[in-house]
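Read off the chains here:
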There are 2 protein chains.
Amino acid sequence: MNSNEENIILPEPTLRRLPWYLAYVEILRAQGIETISSTQISRALSVDASQIAKDLSFLNVKGKTRIGYEVCSLVDALSDFLGFSRCHKAYVIGCGSLGKALIRDSGLSNYGLEIVAGFDVNDAVVARTDLGVPIYQMERIYEVMSENPASIGIITVPPECAQECADLAISSGIRAIWNFSPYRVKVAEGVVMANTSIYAHLALIFNRLDALENRHKF
Amino acid sequence: MNSNEENIILPEPTLRRLPWYLAYVEILRAQGIETISSTQISRALSVDASQIAKDLSFLNVKGKTRIGYEVCSLVDALSDFLGFSRCHKAYVIGCGSLGKALIRDSGLSNYGLEIVAGFDVNDAVVARTDLGVPIYQMERIYEVMSENPASIGIITVPPECAQECADLAISSGIRAIWNFSPYRVKVAEGVVMANTSIYAHLALIFNRLDALENRHKF
């Protein structure tokens, strides 16, 4: 029984910070460190200590005065709470270079994401048997859903197909869309939507680099 | 001469939206559509029309009353402005599954990112010649920087090495860190920092899915 089962919709900034804490305490655990205070986490990650205490208050884990949190319990509590220790099945829709990369990225399964199938419109890709999961023609998604269901659809198709593929995935039973395409996919209420905006991050980096360069010119 | 050369530090929300507009007008261009109004973009992307006009006002592109923007000019202006039509050299630091995936992802070069080298600590990975770019031992970064310099360091190492690798990259001359690791990497002022928080997005998806499921239970 973990706190997520109590149906807490966490604020996005908290969900952004909790994985930082997890990554940090996992390192401490590997180093054999047994306890950590929110002040120490604060110094290491440059997050306000009171913010850390507030974020961690969502979890069923309590720090002790002048000792802090037990590292091992905190790793387990964070990992459970974030859903990383349960298996969530996903389809990759669009097996181009990024889609294939995500299928091959063994790291994701350590964080609770199990990719069970890929979909593509290209026969040459569909014929591949070396990716570790079966790749199907896009229109077979209904059939695959009844045999090997998944709840998450990872959209890695070209932007002009992103909305159509998301709609098809949702109509087959997918309940969360993780969009890696630069197209702004829209979903009905009740469908979970997350965007990983690689291109927006590139734009940010280029813009800030240009500003730096121009600053150096004058 | 483009607007970035005038040294505008764009707000992050604008930098998140501009790639949506670009992806959308690229689709229109492929369909042979010649003009588009901000009202039409607004309907397609569910972004307020006045927000779109405001975002586009950063660019040297003007819409015409009752006609709107010329699609081809808007594609070029957005692509230029976002830096996607210039080449920015990058190193991938950590050539595990995600790092290799980014090296292989030919899509990134269409957006102005040219990965020119990879770095790793694993001899078996360093020996590989099939990835399209040379892979070097991490400590050779100074030498590689003088022969084939890059400004962006893409961090795809395990969390416990992320800070150390970023520090090394910066000391070799890297001026922007694109961090894909769940560790919260810190950089000095004057170094550009962007996080692509895959794990935070996973946590968001899992949390919202759990909330949906619990809602359906009652």
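The structure contained in this document is the topic of the report that follows. (Residues numbered from 1 in each chain as written. Chains lettered and ligands numbered in written order. Predicted model: local features only at pLDDT ≥ 70, side-chain atom pairs only at ≥ 80, totals over all residues. Heavy atoms only, no water.)

A few points about the relation of the copies chain A and chain B
Selection rule: When the copies are overlaid, the least-squares fit takes in C-alpha atoms only where the residue has pLDDT of at least 70 in both copies. Residue contacts are defined here by distance: any two heavy atoms, one from each residue, within 4.5 Å place the two residues in contact.
Turning chain A through 180° and shifting it by 0.0 Å along the axis lays it on chain B, with an RMSD of 0.0 Å. Read as a symmetry element, the transformation amounts to a two-fold axis. Ranked by how close their C-alpha atoms come to the rotation axis, the residues of chain A are headed by A:Ala101, at 2.4 Å. Taken as a fraction of all interface residues of chain A, those also at the interface in chain B reach 100%, which identifies the copy contact as same-surface.

Points about empty space enclosed by the protein
Just so we agree on the cut-off: Only protein atoms enter the 1 Å grid used here, on which a cavity is any set of points holding a 1.4 Å probe that cannot leave and a pocket is any open set flanked by protein within 12 Å on both sides along at least five of seven lines; residues with an atom within 4 Å of a point are listed as lining. Grid points are joined across faces, edges and corners, and a volume is the space filled by probe spheres set on the points. We count a stretch as a helix when DSSP gives it H or I for four or more residues in a row; a strand needs E for two or more, and each element gets its number in order from the N terminus. For this classification, the nonpolar set comprises Ala, Val, Leu, Ile, Met, Phe, Trp, Tyr, Cys and Pro, the charged set comprises Asp, Glu, Lys and Arg, and every other residue, Gly included, is treated as polar.
Counted by the stated rule, this structure contains three cavities of 30 Å³ or more. The calculated volume of the largest cavity comes to roughly 80 Å³. Surrounding the largest cavity, 14 residues form its lining, A:Ser181, A:Pro182, A:Thr196, A:Ser197 and B:Trp20 being those nearest its centre. Listed by contribution, the elements that provide at least two residues to the lining of the largest cavity are helix 9 (198–217) of chain A together with helix 1 (12–30) of chain B. In terms of residue class, the lining of the largest cavity is built from eight nonpolar, five polar and one charged. Together, A:Arg16, A:Pro19, A:Trp20, B:Asn179, B:Ser181, B:Pro182, B:Tyr183, B:Asn195, B:Thr196, B:Ser197, B:Tyr199 and B:Ala200 line the second largest cavity. Listed by contribution, the elements that provide at least two residues to the lining of the second largest cavity are helix 1 (12–30) of chain A together with helix 9 (198–217) of chain B. Considering every element that reaches the lining of the second largest cavity, the biggest residue donor is helix 1 of chain A, with three residues. Class assignment for the residues of the lining of the second largest cavity results in six nonpolar, five polar and one charged.

Quick look at the packing of helix 1 of chain A against helix 3 (residues 49–56) of chain A
Residues and elements named next belong to chain A. Counted only if it meets this: What counts as an axis is a line fitted to C-alpha atoms, over the stretch in contact for a helix, and the angles between N-to-C directions run from 0 to 180 degrees. Our angle categories are set so that under 35 degrees counts as roughly parallel, over 145 as roughly antiparallel, 65 to 115 as roughly perpendicular, and the remainder as oblique.
With their axes 10 Å apart at the nearest point, helix 1 and helix 3 run at an angle of 100° to one another. When the interaxial angle is binned, helix 1 and helix 3 end up roughly perpendicular. Contact with helix 1, carried on its side by Thr14, Arg17, Leu18 and Tyr21, involves Gln51, Ile52, Asp55 and Leu56 of helix 3 and no other residues of that element. Residues belonging to the contact of helix 1 with helix 3 are distributed by class as follows: four nonpolar, two polar and two charged.

Topic: the pattern of salt bridges
Operational definition: Counted as salt bridges are all cases of a side-chain nitrogen of Lys or Arg within 4 Å of a carboxyl oxygen of Asp or Glu. Exposure categories follow from relative accessible area, calculated using a 1.4 Å probe and restricted to protein chains: below 20% of the type maximum is buried, above 50% is exposed, and the middle band is partly exposed.
Going through the model one piece at a time under the given rule, you end up with eleven salt bridges over all chains. Among the ionic pairs, A:Asp55 bridges to A:Arg17, the shortest N-O distance being 2.6 Å. Linking A:Asp55 in helix 3 with A:Arg17 in helix 1, this pair joins segments that are 38 residues apart in sequence. For the pair A:Asp55 and A:Arg17, one class covers both residues: buried. Across the pair B:Arg128 and B:Asp130 runs a salt bridge whose closest N-O atoms are separated by 2.8 Å. Overall, the relative accessible area of 27% leaves B:Arg128 in the partly exposed class. A relative accessible area of 52% means that B:Asp130 is categorised as exposed.

The quantities given are spatial measurements derived from coordinates; they are silent on function.
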